[in-house]
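Survey of secondary and tertiary structure
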Amino acid sequence: MIRIENLSKSFTLHNQGGTVIPVMAGAFLTVAPGECVGLTGQSGSGKSTLMRMVWGNYLSAGGSIHVGSTDVATAAPRQIIRLRRETLGYVSQFLRVVPRVPTVDVVAEPLLALGMPAAQARDRAMVLLARLNIPERLWSLSPTTFSGGEQQRVNIARGFAHPCPALLLDEPTASLDAANREVVLTLILEAKARGTAILGIFHDEGARAQVCDRLVDVTAFTPGLAA
Amino acid sequence: MMGLVQQVVADVPLLAVQGLTRRYGTRIGCADVSFDLYPGEVLGIVGESGSGKSTLLSCLAGHQKPDLGRIAWDGRDVLAMSETERRRLGRTDWAYVHQNPRDGLRMGVSAGGNVGERLMAVGARHYGDIRGQAADWLGRVEIATDRIDDRPSAFSGGMQQRLQIARNLVTGPRLVFMDEPTGGLDVSVQARLLDLLRGLVRDLGLSVIIVTHDLAVVRLLADRLMVMKAGRVVEQGLTDQVLDDPQHAYTQLLVSSVLQV
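Described in the following lines is the structure provided in the data block. (Residues numbered from 1 in each chain as written. Chains lettered and ligands numbered in written order. Predicted model: local features only at pLDDT ≥ 70, side-chain atom pairs only at ≥ 80, totals over all residues. Heavy atoms only, no water.)

**Some thoughts on the interface of chain A and chain B**
Between chain A and chain B, the residue contacts involve 33 residues of the former and 34 residues of the latter. Each partner contributes to the roughly 3000 Å² buried at the junction of chain A and chain B, and carbon and sulfur atoms together form 57% of this total. Per-residue buried area on chain A facing chain B is highest for Arg78(A), Val98(A) and Arg100(A); these three make up 21% of the total on that side. Linking chain A with chain B are three salt bridges, by the criterion used here. Notably, a salt bridge pairs Arg84(A) with Asp240(B), separated by 2.9 Å at the nearest N-O pair. At the boundary of chain A and chain B, one finds nine residue pairs in polar contact (both at pLDDT 80 or more). (Contact = heavy atoms within 4.5 Å. Buried area = accessible area lost by both parts, 1.4 Å probe. Salt bridge = Lys/Arg side-chain N within 4 Å of Asp/Glu carboxyl O. Polar contact = N/O pair within 3.5 Å; in protein donor to acceptor, adjacent residues only side chain to side chain.)

**What about the packing of helix H3 (residues 103-113) of chain A against helix H5 (residues 148-161) of chain A?**
All names here are of chain A. One way to put it is that H3 packs onto H5 with a least axis distance of 7 Å and a crossing angle of 25°. In terms of axis orientation, H3 runs roughly parallel to H5. The chirality of how H3 crosses H5 is right-handed. Together, Thr103, Val106, Val107, Glu109, Pro110 and Leu111 of H3 and Val154, Ala157, Arg158 and Ala161 of H5 make up the contact between the two elements. (Axes fitted to C-alpha atoms, helices over the stretch in contact; angles between N-to-C directions. Helix = DSSP H or I, 4+ residues; strand = E, 2+ residues; numbered from the N terminus. Parallel < 35°, antiparallel > 145°, perpendicular 65-115°, else oblique. Left-handed = near helix turned anticlockwise from the far one by under 90°.)

**Here's the deal with the sheet that holds strand E1 (residues 15-24) of chain B**
Residues and elements named next belong to chain B. Reading across from one edge, E2-E1-E4-E5 is the order of the four strands in this open sheet, with antiparallel pairing throughout. Two strands close off the open sheet at either side, each with one partner strand: strand E2 (27-37) and strand E5 (76-77). The sheet contact formed by E1 and strand E4 (residues 68-73) spans five bridges and is antiparallel. Its bridge partner lying in E4, glutamine 18 is registered against arginine 70. (Pairing = 2+ DSSP bridges.)

**Side note on the pattern of salt bridges**
Residues and elements named next belong to chain B. Following the criterion strictly, the structure yields 25 salt bridges over all chains and no others. Across the pair arginine 87 and glutamate 83 runs a salt bridge, and its minimum N-O distance is 3.3 Å. Note that arginine 87 and glutamate 83 are positioned in helix H2 (residues 83-91) at a spacing of four residues, about one turn of the helix. Taking relative accessible area as the criterion, glutamate 83 reaches 43% and is therefore assigned partly exposed. When the shortest N-O distance is used, the salt bridge between aspartate 150 and arginine 147 registers 2.6 Å. Owing to a relative accessible area of 24%, arginine 147 belongs among the partly exposed residues under this scheme. (Buried < 20%, exposed > 50% of the residue type's maximum accessible area, 1.4 Å probe, protein only.)

**Considerations on the state of the cysteines**
All names here are of chain B. This structure, assessed with the given rule, holds zero disulfides over all chains. Residue cysteine 30 stays outside any disulfide, its sulfur separated by 4.8 Å from that of cysteine 59, the closest cysteine. For cysteine 30, a relative accessible area of 0% puts it in the buried group. (Disulfide = S-S within 2.5 Å.)

**Here we look at the packing of aromatic side chains**
One pass over the structure, following the stated rule, counts five aromatic pairs over all chains. Ring centres 5.5 Å apart and planes at 85° place the aromatic pair Phe11(A) and Tyr58(A) in the edge-to-face group. Of the two residues, Phe11(A) sits in strand E1 (residues 2-13) while Tyr58(A) sits in the loop between helix H1 (47-55) and strand E4 (62-67), which places them 47 residues apart along the sequence. Look at Trp73(B) and Trp94(B): their rings are 5.6 Å apart centre to centre, the planes differ by 90°, and that puts the pair in the edge-to-face class. Of the two residues, Trp73(B) is situated in strand E4 and Trp94(B) in strand E6 (residues 94-97); the sequence distance between them amounts to 21 residues. Residue Trp94(B) is classed as buried on the basis of its relative accessible area, which comes to 3%. Taking the ring centre of Tyr38(B) as reference, the NZ or CZ of Arg78(A) above it sits at 3.6 Å. Lying across the ring of Trp137(B), Arg140(B) places its NZ or CZ 4.2 Å from the centre. (Phe/Tyr/Trp six-rings, centres within 6.5 Å; stacked < 30°, edge-to-face > 60°. Lys NZ or Arg CZ within 6 Å of the ring centre and 35° of its normal.)

**Focus on the sheet that holds strand E5 (residues 70-71) of chain A**
Sheet strands pair via backbone hydrogen bonds, and the direction of the pair is either parallel or antiparallel. Residues and elements named next belong to chain A. Strand order in the open sheet made by the four strands is E2-E1-E4-E5, with antiparallel pairing throughout. Since the sheet does not close on itself, it has two edges, and those belong to strand E2 (19-31) and E5, each with one partner. Bridging between E1 and E4 involves five bridges; their strand directions are antiparallel. Following the sheet pairing, serine 8 is matched in E4 by glycine 62.

**With respect to helix H6 (residues 157-169) of chain B**
Residue and element names in this part refer to chain B. Between its first and last C-alpha atoms H6 spans 19 Å; for 13 residues at 1.5 Å apiece the expected length is 18 Å, and the two agree. Residues of H6 that are buried include every one of Gly158, Met159, Gln160, Gln161, Arg162, Leu163, Gln164, Ile165, Ala166, Arg167, Asn168 and Leu169, and no others. Where H6 is buried, its residues meet E6, helix H3 (101-104), helix H4 (111-121), helix H5 (127-140), strand E7 (175-179) and helix H7 (187-204). (Expected span 1.5 Å × (residues − 1).)

**A few points about the packing of H4(B) against H5(B)**
All names here are of chain B. In contact at an axis separation of 9 Å, H4 and H5 are set at 120° when each is read in the N-to-C sense. Taken together, the axis directions place H4 and H5 in an arrangement best described as oblique. Taken as a pair, H4 and H5 cross one another with a handedness that is right-handed. When H4 is examined against H5, the residues Ala111, Gly112, Val115, Gly116, Leu119 and Met120 are found in contact with a partner set consisting of Ile130, Gln133, Ala134, Trp137 and Leu138. Residues of the contact of H4 with H5, tallied by class, amount to eight nonpolar, three polar and no charged. (Nonpolar A, V, L, I, M, F, W, Y, C, P; charged D, E, K, R; others polar.)

Laid out in structure tokens, this is it:
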């Protein structure tokens, strides 16, 4: 479902003397449907960079990133927009929303974008919010004032609203208590069971052991760090 | 898939722009601008004051005549149209939301009249229907129906801007030009307007070209982004890609200059 071949990336800092920083070279990786692959490597080795390149908000310098039939490395913006709407989900560490929009609508939005009727989309959003233990009295409020853990759970609910065939997870259990961590791990296992291909970063070793089928150390793709 | 309506990704651009150039004497307003806009897409144009983004918008909308270039709307050459045809386009398929609502509203006419006027311009004559549609649109932009007979001069800035949007959208345009629509509004009012615009874009399948200097606004509203400097497009791409991984020196400076709150 996800196939990365010979991927490379560098940053050019034009306003800092044109410094070129090579951050990735020769990255190869595949994720099959129903499989969960965890990225490992020390901080700064390029785990998040790789995730962002798959999501398409970081440009690739060379190589290819196939998600389904779309090569994100070369696709036009509107192909990536369509990919994100229909095929590829992303649970980032940060919740970015229009202020003052109710939590239930934030979670329902990916479904509305697919044309699902509003009532049905909200019902599904409410089921997820309830599973993730967001108190019902908060559903009509904007998540911008919520605690870090609550925002993260809203972000997870949004990410799982539409059952995408491919999913990126950036530290989905980072600031959660034990009970909510279990809920999230169950959601991940359910997604795998439906055939979702998952690429994730999990610092939580227990979580990693429970959901990941394989680990890939990105240090092997980091220029200057590779053995 | 779950019985969802699959949205069709159209392969024909709604608006195709090539080599658009507008000079003011020897100075460049905008130069060699090319892009395609597809149905349902929101394109953001950012850049500092004087970068040519407003000139570009007014050339696209037919308020100014470009010196060079081509604009095709739905396959038709806009610059070759007669004035009558272009005006008709401006009243039907296109809409233009000004930064200052006073430029897009008639301040001496009631709120309902402002919305109804655009309907009458495309041939609506039945008073009851016009008033009914005006009331419906005031509701959609969250203006209480009991304000329908008040003049916009009695409205707050945010309400005036929402009224201007209702006036523009009542005739069901397919493309909306917006020049700094949230400029000059309180941030809390801005948020409400952004939410309203997002809902309208999604529910009506509108295409939008929005000019702004506010990167936070385009991040939340635009699918694609075009960055202008000194009249030229220096970078364009997916909005979060341009903001998170800017390639051009100017975009890097622009993005790194934003204050974090």
